[in-house]
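This is what each chain is made of:
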Amino acid sequence: MSAIDLPHYLIVSALLFCLGLLGVIVRRNVLIIYMSLELMLNAGNLALVAASRFNNNLNGQIMVFFIITVAAAEVAVGLALIVALYRRRQTTHVEDLTTLKF
Amino acid sequence: MQDVFFYIFAGLALLCGALVIANPVSRNPVTSAMFLVLTIVSLAGLFVLLHAFFLAAVQVLVYAGAVIVLFLFVIMLLDLKEEERRRIKLFMAGLAVLAVGTIAAVMIRTIKLAHPAGTLARVRVEGSADALGRMLFSSNFALPFELVSLLLLVAMIGAILLSKKDLR
């Protein structure tokens, strides 16, 4: 039996999530922010699969299946939004996109 | 043997994840996308170690195959040469690292407190395509499954509409 337990996977997942969060906060390119969001989603997926495995319950994996589907749809719409935004403003830099700011 | 693979894949995922957000050599978004592929493939390896074989395949197919290709298309569609020159403000980056580091410390402490190591021993669940498919088409998940297909249709129409030239 392997010595790798649920906490190991959860810690990897937490660290990966924090990396994604750091990317969203630090980076200023919309595309990189979007990739960091994908990183966070994947960290959540890893936690769900690990929890599903170590609790003898397949429901977590079904949830990951749905999350992957929704993430694919979200990427399609989000990238279309970024392209539309770039077409209008000629930039993907968040500090140039301040129309909604007070 | 499995432990070695766990450490290899986990280390690779974290290393490539770090290189996605902050690459010391190149600030080109294409490099970030390539490291995102590596992260996703190592996560698929972790899924295989967790016996989630179907999800590992789906992960590689959907993320590495579809999502990253979409990212690369958009990166190459937009001409981003001008973006590369700007620097990140160091003070703000330091504050962000501090804040996220605190969150990470809280998370890891919580995980250690909630799951003392060695309590979970007997695992039998197998995430094969057979088992997952049977669950997915059972009465519990048939409705969400159909709704997801509707969501994909809506996303497709939305993406087409947003990409039209005269967007109002």
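Here the structure is a predicted model, which means the values were calculated and not measured.

Colleague: It is not clear to me how the overall build of chain B should be interpreted in this structure. Could you clarify?
Modeller: Per the secondary structure count, chain B includes six helices and zero strands. The linear arrangement of helices and strands in chain B, starting from the amino end, is α-α-α-α-α-α. For chain B, with 168 residues in total, the buried portion stands at 24%. Pairs at least 24 residues apart make up 61% of the contacts formed inside chain B by residues separated by at least 6 positions.

Colleague: Would you explain the domain arrangement of chain B in this entry?
Modeller: Interface extent is often summarised as the accessible area lost during association of the parts. Residues and elements named next belong to chain B. Along its sequence, chain B is carved into domain 1 (2–136) and domain 2 (137–168). Contact residues are listed per partner, giving four residues for domain 1 and four residues for domain 2. Class assignment of the residues belonging to the side of domain 1 that touches domain 2 gives a composition of two nonpolar, one polar and one charged.

Colleague: Please clarify how the interface of chain A and chain B should be interpreted in this entry.
Modeller: Between chain A and chain B, the contact holds 62 residues from the first and 73 residues from the second. Of all the elements in the fold, those that place two or more residues in the side of chain A that touches chain B are α1 (6–26), α2 (30–54) and α3 (59–89) of chain A. A class-by-class count of the residues in the side of chain A that touches chain B yields 44 nonpolar, 13 polar and five charged.

Colleague: Please explain the environment of G45(B) as it appears in this structure.
Modeller: All names here are of chain B. Considering the arrangement of structural elements, one finds G45 in helix α2 (residues 29–49). We classify G45 as buried; it has 20 C-beta atoms within 10 Å. Between the alpha carbons of G45 and I8 there is a distance of 9.5 Å; along the sequence they are 37 residues apart.

Colleague: Mind showing me how you'd approach helix α6 (residues 142–162) of chain B here?
Modeller: For an α-helix, 3.6 residues make a turn, and residues three or four places apart therefore share a direction. Over its 21 residues, α6(B) extends 30 Å from the first C-alpha to the last, a length consistent with the 30 Å expected when each residue adds 1.5 Å. Sparse coverage of α6(B) is indicated by the burial of one of its 21 residues.

Colleague: Would you take a moment to explain the packing of α1(A) against helix α4 (residues 90–114) of chain B for this structure?
Modeller: A packed helix pair is summarised by two numbers, namely the angle formed by the two axes and the spacing between the axes. Packing of α1(A) against α4(B) leaves a shortest axis separation of 9 Å and a crossing angle of 160 degrees. Viewed along their axes, α1(A) and α4(B) adopt a mutual orientation that is roughly antiparallel. Regarding α1(A) and α4(B), the two cross each other, and that crossing is right-handed. Contacts from P7(A), L10(A), I11(A), A14(A), L15(A), C18(A), L21(A), L22(A), I25(A) and V26(A) in α1(A) reach A93(B), A96(B), V97(B), V100(B), I103(B), A104(B), M107(B), I108(B), I111(B) and K112(B) in α4(B). Here the residues of the contact of α1(A) with α4(B) sort into 19 nonpolar, no polar and one charged.

Colleague: Please explain the nonpolar core as it appears in this structure.
Modeller: Buried together is how nonpolar side chains tend to be arranged in soluble globular proteins. Counting 67 residues, the largest nonpolar core has M35(A), L46(A), V49(A), A50(A), L46(B), F47(B) and L55(B) as the members making the most contacts within it. Breaking this core down by element, the ones donating at least two residues are α1, α2 and α3 of chain A together with α1 (2–21), α2 and α3 (53–77) of chain B. With 13 residues, the top contributor of residues to this core is α2(A). Setting aside residues up to four positions removed in sequence, F47(B) forms contacts with V49(A), A52(B), L55(B), A56(B) and Q59(B).

Colleague: Would you take a moment to explain the packing of α2(A) against α3(B) for this structure?
Modeller: Between α2(A) and α3(B), the least distance of the axes is 12 Å, while the angle of their chain directions is 175 degrees. The angle between the axes of α2(A) and α3(B) places the two elements in the roughly antiparallel class. Counting all contacts with α2(A), which are made through L31(A), M35(A), E38(A) and V49(A), the residues of α3(B) involved are L55(B), V67(B), F71(B), V74(B) and I75(B).

Colleague: Got a minute to help me understand unusual backbone geometry in this structure?
Modeller: Most peptide bonds adopt trans geometry, and most residues besides glycine take a negative phi value. Positive phi, normally seen in glycine, also occurs at Q90(A), with a value near 60 degrees. Relative to the helices and strands, Q90(A) is located in the segment after α3. Its 11 C-beta neighbours within 10 Å are what place Q90(A) among the exposed residues. Backbone geometry places H51(B), a non-glycine residue, at a positive phi of 60 degrees. Structurally, the position occupied by H51(B) is in the loop between α2 and α3. Residue class for H51(B) comes out partly exposed when judged on the 18 C-beta atoms lying within 10 Å of it.

The rules behind the values
- Residues numbered from 1 in each chain as written.
- Chains lettered and ligands numbered in written order.
- Predicted model: local features only at pLDDT ≥ 70, side-chain atom pairs only at ≥ 80, totals over all residues.
- Helix = DSSP H or I, 4+ residues; strand = E, 2+ residues; numbered from the N terminus.
- Buried ≥ 20, exposed ≤ 12 C-beta atoms within 10 Å, placed from the backbone.
- Contact = placed C-beta atoms within 7 Å.
- Domains from an automatic or database assignment.
- Nonpolar A, V, L, I, M, F, W, Y, C, P; charged D, E, K, R; others polar.
- Expected span 1.5 Å × (residues − 1).
- Axes fitted to C-alpha atoms, helices over the stretch in contact; angles between N-to-C directions.
- Parallel < 35°, antiparallel > 145°, perpendicular 65-115°, else oblique.
- Left-handed = near helix turned anticlockwise from the far one by under 90°.
- Core = buried A, V, L, I, M, F, W, Y, C linked by C-beta atoms within 7 Å.

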